[in-house]
Amino acid sequence: MLRSVWPVSPASLTPHLPVLAREVVAWLDVEPGMTVVDCTFGAGGHAALLAEAMGGRGAYIGLDRDPTVREHFAGFRDAHPDMSARFVRGNFALGLRNLAATGVRADAILLDLGVSSMQIDQPERGFSYATDAPLDMRMDPSEPRTAADLVNESTERELADMFHRYGEERFSRPIARAIVRRRAERPYTRSGELVDTIRGAIPKPALFGQGHPAKRVFQALRIAVNDELGALDLGLEQALEVLRPGGRLAVISFHSLEDRAVKHFLRDAAAGCVCPPDLPVCGCGREPLLRVLTPRVVRPGAAETEENPRAASARLRAAERTEVERP
Ligand SMILES: C[S@@+](CC[C@H](N)C(=O)[O-])C[C@H]1O[C@@H](n2cnc3c(N)ncnc32)[C@H](O)[C@@H]1O
């Protein structure tokens, strides 16, 4: 395992611009005195806007698995003395489960998925293919497996499947083969070494015009290291428990795998009876737990992507909790 690079001071990092900020505030429709659970607090960009819409009153619970976020949260709390503000460090899947178990009920829940600009711009954390750095990629440094561990210990088949599934990488097999050949000489420790292998494994004509050649493999590794899709599935389930009737959920995702998972979850939770139409009475007893508010996914406009190119792939979906109790 790699040497830890923690703690990192967030003060030195590039601030994170909240994406689809106006839209999030509008869809969550918060009011003074409400309780908001922000599952991905980050730099608190959305939090500042939501707190403003709450008139600086109510309760704000921020979750994040990255310990450096604690300092951002402290700034947020100081700026909102009339608000009850609490930070819970850890995976939101677990955090939401604990909130549900302790009887917390929220009027609004936000999930702004993926990594923050601060995390990407901190080279030591190894999220970026643009700078040579330790191959780490953990959002939470107490997690046991780094990206280097995954690259050095997974089988060729596991690597190829990971790059194909989480990165939609066309050349997943040749890249996995090249990694296994290279690591037999020396295990990977640096992101630059992996970038070199990827460049060497991709056919020359395909190296140009498709973005950085390592982009998809790095995305796949990040998703796997942080079990991002597993956390999303569990988090969405738990959000249903924490939302009070009429409470709203907004989810911002940054790639098609996440967005597909969100879309299917919302559609499924919003489905009522699934009995065949020729059945005289309902036998399934299913009632909608959610009402989908965004029939079409919400994307950033040209002005936002011009100002913040990282917003380009963002997709927002929102839903409202119904009165129906879970079976
Ligand atoms: C896109 S940033 C959020 C930015 C924030 N909305 C803002 O405006 O500053 C995503 C944040 O979510 C955190 N995160 C991602 N997955 C998480 C999970 N499963 N549990 C808790 N935090 C998570 C990351 O550590 C990161 O700080």
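Preceding this paragraph is the structure being described.
Attention now moves to the packing of aromatic side chains. Applying the stated criterion across every chain yields a total of seven aromatic pairs. Centroid distance Phe41 to Tyr60: 6.4 Å. Interplanar angle 80 degrees. Geometry classified as edge-to-face. Of this pair, Phe41 sits in the loop between β1 (35–38) and α2 (45–53) while Tyr60 sits in strand β2 (residues 58–64), placing them 19 residues apart in sequence. Residue Phe41 is classed as buried on the basis of its relative accessible area, which comes to 3%. Between Phe41 and Phe73 the ring centres are 4.8 Å apart and the planes differ by 65 degrees, which places this aromatic pair in the edge-to-face class. One end of the pair, Phe41, is in the loop between β1 and α2; the other, Phe73, is in helix α3 (residues 69–79), and 32 residues separate them in sequence. Residues Phe41 and Phe73 agree in their burial class; the two are buried. What links up through ring pairs into an aromatic cluster is the set Phe41, Tyr60, Phe73, Phe76 and Phe87.

For the rest of this paragraph, the subject is helix α7 (residues 156–167). With 12 residues, α7 ought to run about 16 Å at 1.5 Å a step, and its terminal C-alpha atoms sit 16 Å apart, in line with that. Among all positions of α7, only Leu159, Ala160, Met162, Phe163, Tyr166 and Gly167 are buried. The buried residues of α7 occupy an angular sector of 165 degrees when projected down its axis, which confines them to one face. Facing away from the buried side of α7 by over 90 degrees, the exposed positions are Arg157, His164 and Arg165. Of the surrounding secondary structure, the elements contacted by the buried residues of α7 are α6 (147–153), α8 (172–185), α10 (215–225), α11 (228–242) and α12 (256–269).

Turning our attention to the nonpolar core. Membership of the largest hydrophobic core comes to 36 residues, with the highest contact counts inside it found for Phe163, Ile175, Leu194 and Leu221. Of all elements in the fold, only α6, α7, α8, α9 (191–201) and α10 reach the threshold of two or more residues within this core. Broken down by element, the residue count for this core peaks at six residues, all from α10. If sequence neighbours within four positions are ignored, Leu194 has contacts with Leu135, Val151, Ile179, Tyr188, Val217, Phe218 and Leu221. In this structure, Leu232, Leu236, Leu249 and Ala319 belong to the second largest nonpolar core, which totals 29 residues.

Following both chains from N to C, one finds helix α1 (residues 21–28) and α2 inclined at 40 degrees, their axes separated by 10 Å at the closest point. Judged by the angle between their axes, α1 and α2 are oblique. As for how α1 packs across α2, the hand of that crossing is right-handed. Contacts from Ala21, Val24, Val25 and Leu28 in α1 reach His46, Leu49, Leu50 and Ala53 in α2. Across the contact of α1 with α2, the residue classes tally to seven nonpolar, one polar and no charged.

Our focus in this paragraph is the layout of surface pockets. Taken as a whole, the largest pocket holds about 900 Å³ of empty space. The wall of the largest pocket is formed by 30 residues, among which Ile120, Lys215, Gln219, Arg222 and Ser313 lie closest to the centre. Put simply, the parts of the chain that give the lining of the largest pocket at least two residues each are α5 (117–120) and α10. For the lining of the largest pocket, the element with the highest residue contribution is α10, accounting for five residues. Residues of the lining of the largest pocket, tallied by class, amount to 12 nonpolar, 11 polar and seven charged. By volume, the second largest pocket is sized at about 200 Å³.

One open sheet accounts for seven strands, arranged β3-β2-β1-β4-β5-β7-β6; its pairing is mixed. What marks the edges here is a single partner per strand, and that holds for β3 (83–89) and β6 (290–292). Sheet twist, expressed as the mean angle between neighbouring strand axes with direction ignored, is 15 degrees. Contacts from helix α4 (residues 92–101) reach β1, β2, β3 and β4 (106–112) within the one sheet, and its direction differs from that of β2 by about 145 degrees.

Moving on, we get to the side chain of Arg183. Residue position: Arg183 is located in helix α8. At a separation of 3.5 Å, a polar atom in the side chain of Arg183 contacts the main-chain carbonyl oxygen of Asn152. With residues near it in sequence (within four places) discarded, Arg183 still touches Val151, Asn152, Glu153, Ser154, Thr155, Leu159 and Tyr188.

Here the focus is empty space enclosed by the protein. Tallied over the entire structure, the rule returns one cavity of 30 Å³ or more. Estimated volume of the largest cavity: approximately 400 Å³. Taken together, 35 residues line the largest cavity, and the ones lying closest to its centre are Thr40, Asp64, Asp112, Leu113 and Gly114. For the lining of the largest cavity, the element with the highest residue contribution is α11, accounting for three residues. In terms of residue class, the lining of the largest cavity is made up of 14 nonpolar, 13 polar and eight charged.

Parameters and conventions
Residues numbered from 1 in each chain as written. Predicted model: local features only at pLDDT ≥ 70, side-chain atom pairs only at ≥ 80, totals over all residues. Heavy atoms only, no water. Phe/Tyr/Trp six-rings, centres within 6.5 Å; stacked < 30°, edge-to-face > 60°. Helix = DSSP H or I, 4+ residues; strand = E, 2+ residues; numbered from the N terminus. Buried < 20%, exposed > 50% of the residue type's maximum accessible area, 1.4 Å probe, protein only. Expected span 1.5 Å × (residues − 1). Arc of directions from axis to C-beta. Contact = heavy atoms within 4.5 Å. Core = buried A, V, L, I, M, F, W, Y, C linked by side-chain atoms within 4.5 Å. Axes fitted to C-alpha atoms, helices over the stretch in contact; angles between N-to-C directions. Parallel < 35°, antiparallel > 145°, perpendicular 65-115°, else oblique. Left-handed = near helix turned anticlockwise from the far one by under 90°. Nonpolar A, V, L, I, M, F, W, Y, C, P; charged D, E, K, R; others polar. 1 Å grid on protein atoms, 1.4 Å probe; cavity = no way out; pocket = protein on both sides within 12 Å on 5 of 7 lines; lining within 4 Å. Points joined across faces, edges and corners; volume = space filled by probe spheres on them. Pairing = 2+ DSSP bridges. Polar contact = N/O pair within 3.5 Å; in protein donor to acceptor, adjacent residues only side chain to side chain.

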